[in-house]
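Residues per chain, in single letters:
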Amino acid sequence: MTEAEAKKPQESLQDRLAQVVDLLHRHRLVEDLAHRQEGEHQELVESLVHRQNLAELQRKLEDLHPADIAHILEALPLEDRLSVWQLVKAERDGDILLEVSDAVRESLIADMDDHEILAATRDLDADELADLAPELPRDVVHELMESLDAQQRERVRSALSYEEDQVGALMDFEMVTIRDDVTLEVVLRYLRRLKELPGHTDKLFVVDYDGILQGVLPIKRLLVNDPDKKVAEVMATDPVTFHPDEDAYDAAQAFERYDLISAPVVDRNDKLIGRLTIDEMVDLIREESETEVLNMAGLREEEDIFASVWKSLRNRWAWLAINLITAFLASRVIGLFEGSIEKLVALAALMPIVAGIGGNSGNQTITMIVRAMALDQVGTGNTMRLLRKELGVALINGVVWGGVIGGVAWSLYGSWSLGVVMTGAMTLNLLLAALMGVLIPMTLLRMGRDPAMGASVMITAVTDSGGFFIFLGLATLFLM
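The following paragraphs examine the structure supplied in this document. From a predicted model like this one, the values you see are computed outputs, not experimental measurements. Every chain is numbered independently, its residues counted from 1 as its sequence is written. Note on the predicted model: pLDDT of at least 70 is required for a residue's local features to be given, and 80 or more for side-chain atom pairs to be given and counted; whole-chain, interface and lining totals, by contrast, use all residues. Excluding hydrogens and water, the side-chain values take into account all heavy atoms of the structure.

Remarks on the pairing of strand β4 (residues 262-266)
Alright, step 1. Partly exposed describes any residue whose relative accessible area lies between the buried limit of under 20% and the exposed limit of over 50%, with all areas from a 1.4 Å probe on protein chains only and scaled to the type maximum. By the criteria applied, helices consist of DSSP H or I runs no shorter than four residues and strands consist of E runs no shorter than two, each listed in order from the N terminus. Most of β4 sits inside the fold, with five of its five residues counted as buried.
Alright, step 2. As paired strands, β4 and strand β5 (residues 272-277) are joined by five bridges and run antiparallel to one another. Bridge pairing links P264 to R275 in β5.
Alright, step 3. Here, strands pair whenever DSSP counts at least two bridges between them. Remark: five residues form the turn of the hairpin made by β4 and β5, two consecutive strands paired antiparallel; D270 in that turn has positive phi of roughly 65 degrees.

Structural data, given as structure tokens:
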């Protein structure tokens, strides 16, 4: 795939967003002009203009995939978002609600009355209903559950009984099961009688009369083998399986590792109860990645970019408060050496370099450690080995780049002793950054917390305060 081909879908989506924004802008402009006109036909003109513009915008939305509409809704300010949302056909509301982010979904549901929510969710599958149920009003969920048949109701309750990070919360109940004692020709005739296959069906699940999983029949084997052969002769008897209480992220890694499209979910007695599909795993990996990035910046949750000031403030204030405290501590460290700075002004110019390089190095270390943890490549038992390795890297970088910046300081200020202090401070701060870059995520993991939570904020605080103290302390000791 060329770069142009790779960019085309994204550019096309941006074009669609631009077209919707342009239609909204034209609608408001023409409506404003019509409103300013005076005369006996003013209301009629306004009504015709209003309908014409909204009809054009509605036609544009009808041509879009629910995922594309979800992207457009997320990219619009709240007023425009709700205007577009009102134009979406009711039968598509449920699919779009499943595609938008949690923060945007909250604003859309808040704009819907109970009847609209019921109409939007009535045709969704059990696993999809379970995804939306926690965010719907309780009375709506109760009425919705009452409208389901016994099987669907039990499936929704089953999915809701698991934590959101467990396989059971993500499994799909729509799947095709067959017996192992029938021929492939019988299976083919059975499939032809179905209206359609469930999405992402790359294999059929072989079960006995008690629902115990016996194996899987990949579609490709079904198509290329002799129709007179029995399922037992061509099926795979050792499929990758999952239990509903397993960690969903571990399952996502298995999907990536084994190139899976779907996989069976079984209980402790190997009874087939559902399946996992690649679309859910891709969504999970994306959400985990986004959460990790937000956590490293000290954000507690995903934020609607057009959310109110108060909601954004609640999401951001905690770690900003911590950052303010650490910044104050760093300023007090500088205050301890005011006399040294007054005597040698060059210290004020050089000390941010030491702190900045230390923060950058610490963030590199933390990013590598958190990524390795996410891939289950390291744990708390590897702490000492990782520590030795990162300290070795920091020592070499400190000597090399500290020597470079030390030479620059010598040439700028004509003091070889200042250059030596700069080299020493740089090396020591990089060692401190490496030490904390390993210990911070390892400590958070040992405490049962997300190892990325606020890691960037904490490492920057340590390297700033530590860098100032080390540099100014060495300068006071050797230069004053």
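After that view, the rundown keeps rolling.
Here we look at the side chain of T427
Alright, step 1. Checked against the element boundaries, T427 lands in helix α21 (residues 416-446).
Alright, step 2. Of the residues examined, T427 reaches a relative accessible area of 10% and is grouped as buried.
Alright, step 3. Under this definition, polar contacts are N or O atom pairs within 3.5 Å; protein pairs additionally need one hydrogen-donor-capable and one acceptor-capable atom, and for neighbouring residues in sequence, both atoms have to be side-chain atoms. Among the polar contacts listed, one links the side chain of T427 to the backbone oxygen of G398, at a separation of 3.1 Å.
Alright, step 4. Should any heavy atoms of two residues lie within 4.5 Å, those residues are counted as being in contact. Apart from residues lying up to four places away in sequence, T427 is in contact with L395, G398 and V399.

Some details on the nonpolar core
Alright, step 1. The definition of a nonpolar core used throughout is a set of buried Ala, Val, Leu, Ile, Met, Phe, Trp, Tyr and Cys residues joined through side-chain atoms within 4.5 Å. Membership of the largest hydrophobic core comes to 55 residues, with the highest contact counts inside it found for L73, W85, I96, F242 and L276.
Alright, step 2. With five residues, helix α15 (residues 248-258) is the single largest residue contributor to this core.
Alright, step 3. Those domain boundaries reflect an automatic or database domain assignment. Counting contributing residues, this core receives three or more from each of domain 1 (13-167) and domain 2 (177-297).
Alright, step 4. Setting aside anything within four residues of it in sequence, one finds L276 in contact with V167, L170, M171, F242, A251, F255, I261, S262, A263, V265 and M281.
Alright, step 5. By size, the runner-up hydrophobic cluster in this structure holds 26 residues, among which are L350, A425, L430 and I470.

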